[in-house]
Amino acid sequence: MANVAILKIDGKDYELPIIEGSEKERAIDITKLRAQTGYITIDSGYLNTGACTSAITFLDGEKGILRYRGIPIEQLAAKSTFTEVAYLLIYGKLPSDVELKKWNESLTKHTLIHEDLKRLFHGFPKDGHPMAIMSCMMVSLSTYYQDSYDPLNPEHREISMIRLLAKFPTIAAFAYKKSIGQPIIHPINKLDYCSNFLNMMFSVPAEEYEIDPVIVEALNLLLILHADHEQNCSTSTVRLVGSSLANLYSAIAAGICALWGPRHGGANQEVLEMLTYIHESGQKVSKMVEQAKDKNSSFRLSGFGHRVYKNFDPRAKIIKGAADKVLSKLGIKDPLLDIAKELEEVALNDPYFKERNLYPNVDFYSGIIYRALGIPTNMFTVMFAMGRLPGWIGQWKEMIEDPGLKIGRPRQIYTGATDTDYDTAKKGK
Ligand code: CMC
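Predicted, not measured: the structure shown is a model, and the values here were computed from it. (Residues numbered from 1 in each chain as written. Predicted model: local features only at pLDDT ≥ 70, side-chain atom pairs only at ≥ 80, totals over all residues. Heavy atoms only, no water.)

Asker: Please clarify how the pattern of salt bridges should be interpreted in this entry.
Answerer: For side chains bearing opposite charge, pairing can occur when the charged atoms are close. Enumeration according to the criterion identifies 21 salt bridges in this entry. Between Lys118 and Glu115 there is a salt bridge, with the nearest N and O atoms lying 2.4 Å from each other. On the criterion of helical spacing, the pair formed by Lys118 and Glu115 is a turn pair, its members being 3 residues apart in helix 5 (residues 115-120). The shortest N-O distance in the salt bridge between Lys293 and Glu290 comes to 3.1 Å. Placement of the pair is Lys293 and Glu290 together in helix 13 (residues 285-293), with a separation of 3 residues, close to one helical turn. Overlapping salt bridges bring together Glu20, Lys24 and Arg26 as one network. (Salt bridge = Lys/Arg side-chain N within 4 Å of Asp/Glu carboxyl O. Helix = DSSP H or I, 4+ residues; strand = E, 2+ residues; numbered from the N terminus.)

So, in structure tokens, the structure goes:
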């Protein structure tokens, strides 16, 4: 098979190397294109642009395959825990029992946040969106850990990664408690990652919170399913910010902002709001689908469609199955689940959605489970961020440890005014 592509420009042939990944996906390497030809490439929205090579996550959007470090998502969902998956993504292999114990201990040891940092929570309005608070708190962490600023120092990297993973649930739960006016609940070291988070969210000093294993299991599952998804918008943001050698806290804060958007992680909140609207207004599901197809309306069916999946999102399949199980185990009958299923059926049988290969994505059913676990709607995207954190960190670490690391700096084709004299421009007004 040819390992070069020939590009013909102005009658001259240029050979561009072809590189092949371990799953046989191929790319034309244009690293030297500008130097050799004077041309750049344009790919708005990066539909065809590989920004890096990566050994972390493989996904095949046509076949609906997702694997972390080669292991199918279905197996990890059935057998692993979130902290084990975090280790796998960051260090490239499943931990031994001893390594996992040590890893879990490190994550437990760093859960507390500096007392002064707590005062920052009081500066936000009660109804401030928790994604804004999370991003602000993550970057604020950097002011408390000036001892670990240098991304090129392996020890600094290690402690920053652990601090972020350990403190994220504490900060998320504190933000929630502050928004509802309840006292904050501190982490308890004997609890595992998910139980600790649930306890900080739902316990009150006056009454002990009974940790339900069904809820812990469901939370573990959701976090695993969100843990990485190769070069998506927020991960690419983390890499881009990190490529300037900004500290990890800043890169993660930027990733949280990118995730917040409704076309990305913010879709999970939008899905639930859409289902609630249908339920409360009595709006027909078919009417929503019609509106989503109307090119004069900016409304899209949240939780449907994906840049890479042109088939069922494997995560959505798992979550849909889990939603039924979790709700029945918890004895909950949620009318929104029935509406979601009806909406899915109508959309999947509609030529508009069929022609464009629009299927339910990870955000379509996740909110139904979060709701059953008692997580408020405006915290859904924070849950996504908590799950995605090890992916962001693993991708950042892979980039920083690459000896060929370069600052991310795209080019452009300028389309504005050509050389314009100031006085002439001023007179023209
Ligand atoms: N409802 C209605 N039409 C849609 C939808 C939708 N949810 N998604 C895509 N389309 C249409 C779009 O209007 C376009 O139509 P046309 O070819 O006639 O112009 C066509 O399908 C292709 O869409 P696109 O916007 O060019 O595709 P994209 O790959 O740039 O966008 C997406 C992918 C996820 C942003 C988009 O499908 C979308 O906006 N979905 C709703 C938001 C959502 O659920 N986001 C979560 C994504 S999964 C988790 C994550 O990454 O965070």
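Asker: Explain the side chain of Ser160 here, please?
Answerer: Residue position: Ser160 is located in helix 7 (residues 154-180). Judged by its relative accessible area of 3%, Ser160 falls in the buried class. A polar side-chain atom of Ser160 sits 3.3 Å from the main-chain carbonyl oxygen of Ser148. Side-chain polar atoms of Ser160 contact the backbone oxygen of His156, separated by 2.7 Å. Not counting the four nearest positions on each side in its chain, Ser160 is found in contact with Ser148, Leu248 and Tyr249. (Buried < 20%, exposed > 50% of the residue type's maximum accessible area, 1.4 Å probe, protein only. Polar contact = N/O pair within 3.5 Å; in protein donor to acceptor, adjacent residues only side chain to side chain. Contact = heavy atoms within 4.5 Å.)

Asker: Would you mind showing me how to read helix 10 (residues 233-243) here?
Answerer: One full turn of an α-helix is made of 3.6 residues, so residues set three or four places apart face in the same direction. Ser234, Thr235, Val238, Arg239, Gly242 and Ser243 are the residues of helix 10 that are buried. Those residues of helix 10 that are buried are in contact with helix 11 (248-260) and helix 18 (380-400). Residue Leu245 follows helix 10 closely and has a positive phi angle near 70°.

Asker: In this structure, what is going on with the site of the ligand? I would like to understand it.
Answerer: Every one of the 22 residues lining the ligand counts as a neighbour, but His264, Arg300, Leu301, Gly303 and Arg307 are closest to it. Within the contact set of the ligand, an oxygen atom lies 2.6 Å away from a side-chain nitrogen or oxygen of His264. In the environment of the ligand, a nitrogen atom lies 2.9 Å from a nitrogen or oxygen atom belonging to the side chain of Tyr352. Coverage of the ligand by the protein chains reaches 76% of its 930 Å² of free accessible surface. Grouping the constituent residues of the shell around the ligand by class yields 9 nonpolar, 7 polar and 6 charged. (Near = heavy atom within 4 Å. Areas by Shrake-Rupley, 256 points an atom, 1.4 Å probe, with all protein chains shown as cover. Nonpolar A, V, L, I, M, F, W, Y, C, P; charged D, E, K, R; others polar.)

Asker: Hey, could you run me through the sheet that holds strand 5 (residues 65-68) in this one?
Answerer: Each strand in a sheet pairs with another by means of backbone hydrogen bonds, the pair being arranged parallel or else antiparallel. One open sheet accounts for 3 strands, arranged 4-5-6; its pairing is antiparallel. Lying at the two open borders of the sheet, with one neighbouring strand each, are strand 4 (57-60) and strand 6 (71-72). With 4 bridges joining them, strand 4 and strand 5 adopt antiparallel strand pairing. What sits directly across from Phe58, in strand 5, is Arg67. (Pairing = 2+ DSSP bridges.)

Asker: Help me out: how do you make sense of the sheet that holds strand 2 (residues 12-20) in this one?
Answerer: Within the open sheet, the 3 strands sit side by side as 1-2-3. Their pairing is antiparallel. Each edge of the open sheet carries a strand with a single partner, namely strand 1 (4-9) and strand 3 (26-28). Across the sheet, the mean angle from the axis of one strand to that of its neighbour is 30°, orientation sign disregarded. Of the pairings in the sheet, the one linking strand 2 to strand 3 comprises 3 bridges and is antiparallel in character. The partner of Glu20 across the bridge, within strand 3, is Arg26. (Axes fitted to C-alpha atoms, helices over the stretch in contact; angles between N-to-C directions.)

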